[in-house]
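Chain by chain, the residues:
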Amino acid sequence: DQQVKQNSPSLSVQEGRISILNCDYTNSMFDYFLWYKKYPAEGPTFLISISSIKDKNEDGRFTVFLNKSAKHLSLHIVPSQPGDSAVYFCAASATGSARQLTFGSGTQLTVLP
Amino acid sequence: DTEVTQTPKHLVMGMTNKKSLKCEQHMGHRAMYWYKQKAKKPPELMFVYSYEKLSINESVPSRFSPECPNSSLLNLHLHALQPEDSALYLCASSRGGSVGELFFGEGSRLTVL
């Protein structure tokens, strides 16, 4: 049973446009959420995170939105650049879960020049 | 130094072999992790070491044996593996305390013949 779901395995976006990656979770105990980016042959790299006490966190071109009632979060990349092409993983954890991150299955983002 | 270094990058072994994967970080992080990732799947947590003590073992078969010689090093000893154990093995570290940003290595690609 997947507790963190990324239902879109892939997404293609034109350079300069907005990329929106979505993530849903089922465990209501999750209170901290992260996005990781992974290039081929490299380990995942931390991108941005959000605590459940917030509904938005912004870092440059990257913004994460959290809708707790819908158990949904999204990552917005504006403007998208070809170098953003990678697999994006959503991850979640619960306070007191002793450092366990649960990952989604990932979304392959392709930004077309 | 913000790197997690894993060796070897690639490993091919037979089912009767004994080998080890190594991981090193010099960021002063007090928690270290082993994850397993199969193709097109999310990373799955195997072990967590916190302050050099094993704090989480996610029901991993005994043919995988972790070791944390000191706060900078993490090993994964492999013995009598099965072909289905072929995967990318990712090491990660974090500052400790509550779960936060994980810093991942590039991974060790393991093939069991």
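Our subject is the structure listed above.
The rules behind each value
For every chain, the first residue of the written sequence is number 1, and numbering continues from 1 onward in sequence order. All chains are assigned letters beginning with A, and all ligands numbers beginning with 1, in the order in which they are written. Local features are withheld for residues below a pLDDT of 70 in this predicted model, meaning they are given only at 70 or higher, and side-chain atom pairs are given and counted only at 80 or more; totals for whole chains, interfaces and linings count all residues. As a convention, hydrogens and water are excluded, and side-chain values are obtained from all of the structure's heavy atoms. Strand pairing is assigned whenever DSSP detects at least two bridges linking the two strands. Comment: elements are numbered from the N terminus, with helices defined as DSSP H or I runs of at least four residues and strands as E runs of at least two. Working convention: axes come from line fits to C-alpha atoms, limited for helices to the stretch in contact. Angles between N-to-C directions cover 0 to 180 degrees. Per-residue accessibility, obtained with a 1.4 Å probe over protein chains only, is compared with the maximum for each type, and a residue is labelled buried under 20%, exposed over 50%, and partly exposed between these values. Each reported salt bridge corresponds to a side-chain nitrogen of Lys or Arg within 4 Å of a carboxyl oxygen of Asp or Glu.

Caption draft 1: Up close: the sheet that holds strand β3 (residues 18-25) of chain B. Residue and element names in this part refer to chain B. Pairing within the open sheet is antiparallel, and its 4 strands lie in the order β1-β3-β8-β7. Only two strands of the sheet have a single partner each, and these edge strands are β1 (4-7) and β7 (64-70). If you compare each strand with its neighbour and ignore which way they point, the axes differ by 20 degrees on average. Across 5 bridges, β7 lies against strand β8 (residues 73-79) in antiparallel orientation. Bridging from a neighbouring strand, N70 pairs with L73 of β8.

Caption draft 2: Quick look at the pairing of strand β11 (residues 107-112) of chain A. Residue and element names in this part refer to chain A. Here β11 shows a clear split, with T107, L109 and V111 buried on one side and none of Q108, T110 and L112 buried on the other. By the bridge criterion, 5 bridges tie strand β2 (residues 10-14) to β11 in an arrangement that is parallel. Paired with S10 across the bridge in β11 is Q108. With 3 bridges connecting them, strand β9 (residues 86-94) and β11 associate as antiparallel partners. When the bridges of β11 are listed, A86 appears paired with L109.

Caption draft 3: Representation of the pattern of salt bridges in the model. Residue and element names in this part refer to chain B. Evaluation of the coordinates by the stated rule reveals 5 salt bridges over all chains. Linking R30 and E52 is a salt bridge whose minimum nitrogen-to-oxygen distance equals 3.4 Å. With R30 in the loop between β3 and β4 (31-37) and E52 in the loop between β5 (44-50) and β6 (53-57), the pair connects residues that are 22 residues apart, well separated along the chain. For R63, the salt bridge is made with D85, and the minimal N-O distance between the two is 2.7 Å. A residue pair is termed long-range when its members are at least 10 positions apart, and R63 in the loop between β6 and β7 and D85 in the loop between β8 and β9 (87-94) qualify at 22 residues. For D85, a relative accessible area of 2% corresponds to the buried category.

Scope: geometric values only; no functional claims are made or implied.
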